[in-house]
Amino acid sequence: MRQKTDMSDMSIFRLTMIGGSGSGKTTFMSALCQMFTEDDMVIDTSNGSYVVHLLPVLYDVGGTAEKVETDVPKTSAASFMPTKAGGGGGAFGKAASGIRANAGRTSSRERHLDALVVDGDARLAVIRQIQAELAKKFEIKPSDNSVTSDFREGTDKMIFTEICFEIYLNDEMMGLMYITDYGGEFIDDPDGSAQEIYSKLIRHIYSSDGAIVLCNALHMSKAVADSYDANSSMFDGAAVRSAISADGINNMFRALGDKDDFTMVTALTASDSPGIDPRLSVNGYRRAMHDIKKYVLAPSFRAASFREWSTMLTPVSAIGRRADGSPNVDATGRVMENAQIRPYGVDRAVMFCLAGAAMAKRKTLLAELDELNKFKIFRTPAEKSRRETVKSELGRMEKLINALRGDDIYSAAYEPSFALEKIEQVGNVKVIKRN
């Protein structure tokens, strides 16, 4: 078990999962925990292999009132707020420059395990607790007659779940990644009771480095139009917007004002389901992803283009299919007894977000280094120390970018585009099981 690392100068990345009720955020988190914590992700490149591993060091579950609000962007678009929004959650903590404090918390938190504030045997004990909690909450296993569902319940309306991982590349610490799941029902709930929470969520996204938008492909199957051609959308507009809470999602991204250096990934969840309309899944969902970008989430992608964000669309699954291609779930969506759980695409979505965030961090560090390198007759010890720290952190960002930016990693995705750098080919991804 890895010991605590000095993280005072380590980069912190914050990702937010966005989606309405039933979008698959909780099962996405299940696959993330399996693919990066139970297994090692190995990226083969022409220069060797990179091993990526995420170590969970914080698990936080609680009500939205516990989170400290961040600053409101100057151009926060109140005019874009929907007039009706339901409940919701979110980790509305201000982006930190170091290890975050627990200020602003209340006793209403349901669960809080934090290995970042302890060391030695205590740290190892907390990490084991976190791993046990994640297994209990996110494990997906074959059907059991004693349960009504194979999947863990989604996040309640007024509850957030936040997990922090230490990022390791070839066993070297690269930084921290916080990923937040919140109750998404408020996006499509018509009760209009949580306008304030909706506003807080926008502020939270504004302080994040990237967002993964989850759209349930099975729900979208029911919105395929009766007829369409090359010049029209394959979806019934009103039906598909309702199916994936598109109006709420588009409003959120349009409300981010001057947010820049951001990464937005659109993930089609449940893409392995045998109930998917074949017109949707044909050719690896290429036509479906094209139409989502051009018609359904067009306002979000226009905002991304105008602000020069990194973007990508990709099919994902927390379940996957057997090695022979047959489904792991039956017609009702229940996991079969002889299932071979093989998630896919989740790693691609997370790695793309991390790569985009690392590029943004590199941009900031280069600007700071340029200032520190300007000619001075006298340079203080603090300035000298900071310059060395920036150089060291730049080195880590270069390693992370080199490992995660390859074309082959994103070959199954639709129009992956890093705004801050053209990606180069570096290799393929495979999973190595831990003993």
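Caption draft 1: Spotlight on the overall build of the chain. Helix and strand content of the chain: 11 helices and 11 strands. Within the chain, the proportion of its 435 residues that are buried is 55%. For the chain, long-range pairs separated by at least 24 residues make up 79% of all intrachain contacts whose partners lie at least 6 apart in sequence. In the structure as shown, the chain presents an accessible area of about 18,500 Å², 49% of it carried by carbon and sulfur atoms.

Caption draft 2: Inspection of the confidence of the model for the chain at higher detail. Scored by pLDDT, the chain comes out at a mean of 80, with 76% of its residues at no less than 70. Confidence drops under a pLDDT of 50 for residues 65–107, and excluding neighbours within four residues, the segment shows 132 contacts in the predicted structure. Residue range residues 146–156 is modelled with pLDDT below 50. Its contacts to residues more than four positions away, or to other chains, number 34 contacts.

Caption draft 3: Just empty space enclosed by the protein, in detail. Counted according to the given criterion, the structure contains 1 cavity of 30 Å³ or more. At 3 residues, strand 7 (residues 210–216) tops the list of elements feeding residues into the lining of the largest cavity.

Caption draft 4: Representation of the packing of aromatic side chains in the model. Per the counting criterion, the structure on display carries 5 aromatic pairs. On the numbers, 6.0 Å between centres and 65 degrees between planes, the contact of Phe 253 with Trp 309 is edge-to-face. Placement of Phe 253 in helix 7 (residues 246–254) and of Trp 309 in the loop between helix 9 (298–306) and strand 9 (310–315) is noted, with a sequence separation of 56 residues between them. The burial state of Phe 253 is the same as that of Trp 309; both residues are buried. A centroid spacing of 4.3 Å and a plane angle of 15 degrees characterise the contact between Phe 352 and Phe 418, whose relative ring orientation is stacked. Residue Phe 352 is located in helix 10 (residues 346–372), and its partner Phe 418 is located in the loop between strand 10 (414–417) and strand 11 (429–433); the two are separated by 66 residues in the primary sequence. Side by side, Phe 352 and Phe 418 carry an identical accessibility label, which is buried. Among the aromatic residues, those joined into a ring-pair cluster are Phe 253, Phe 262 and Trp 309. Taking NZ or CZ as reference, Arg 14 lies 4.4 Å from the ring centre of Tyr 178, over its face.

Caption draft 5: Focus on helix 8 (residues 278–296). The first and last C-alpha atoms of helix 8 sit only 19 Å apart over 19 residues, clearly below the 27 Å expected at 1.5 Å per residue. Considered for burial, the residues of helix 8 that qualify are Leu 280, Tyr 285, Ala 288, Met 289, Asp 291, Ile 292 and Val 296.

Caption draft 6: Expanded view of the pattern of salt bridges. Scanning the entire structure with this criterion turns up 15 salt bridges. Between Glu 172 and Lys 399 there is a salt bridge, with its nearest N and O atoms 2.9 Å apart. Here Glu 172, found in strand 6 (residues 172–182), pairs with Lys 399, found in helix 11 (residues 381–404); they are 227 residues apart in sequence, far enough to count as distant. Accessibility expressed as a relative area gives 30% for Glu 172, which makes it partly exposed. Arg 279 serves as the salt-bridge partner of Asp 277, at 2.7 Å between the closest nitrogen and oxygen. Using a relative accessible area of 13% as the deciding quantity, one classes Asp 277 as buried. Through salt bridges with shared partners, a single ionic network connects Arg 111, Glu 133 and Lys 136.

Caption draft 7: Focus on a nonpolar patch on the surface. On the surface, Phe 375, Ile 377 and Phe 378 cluster together to form a nonpolar patch covering roughly 500 Å² of accessible area. Mapping Phe 378 onto the fold places it in the loop between helix 10 and helix 11.

Thresholds applied
- Residues numbered from 1 in each chain as written.
- Predicted model: local features only at pLDDT ≥ 70, side-chain atom pairs only at ≥ 80, totals over all residues.
- Heavy atoms only, no water.
- Helix = DSSP H or I, 4+ residues; strand = E, 2+ residues; numbered from the N terminus.
- Buried < 20%, exposed > 50% of the residue type's maximum accessible area, 1.4 Å probe, protein only.
- Contact = heavy atoms within 4.5 Å.
- Areas by Shrake-Rupley, 256 points an atom, 1.4 Å probe, with all protein chains shown as cover.
- pLDDT = per-residue confidence, 0-100.
- 1 Å grid on protein atoms, 1.4 Å probe; cavity = no way out; pocket = protein on both sides within 12 Å on 5 of 7 lines; lining within 4 Å.
- Points joined across faces, edges and corners; volume = space filled by probe spheres on them.
- Phe/Tyr/Trp six-rings, centres within 6.5 Å; stacked < 30°, edge-to-face > 60°.
- Lys NZ or Arg CZ within 6 Å of the ring centre and 35° of its normal.
- Expected span 1.5 Å × (residues − 1).
- Salt bridge = Lys/Arg side-chain N within 4 Å of Asp/Glu carboxyl O.
- Patch = residues over 30% accessible without salt bridge, like charges linked within 9 Å, V, L, I, M, F, W, Y side chains within 5 Å.

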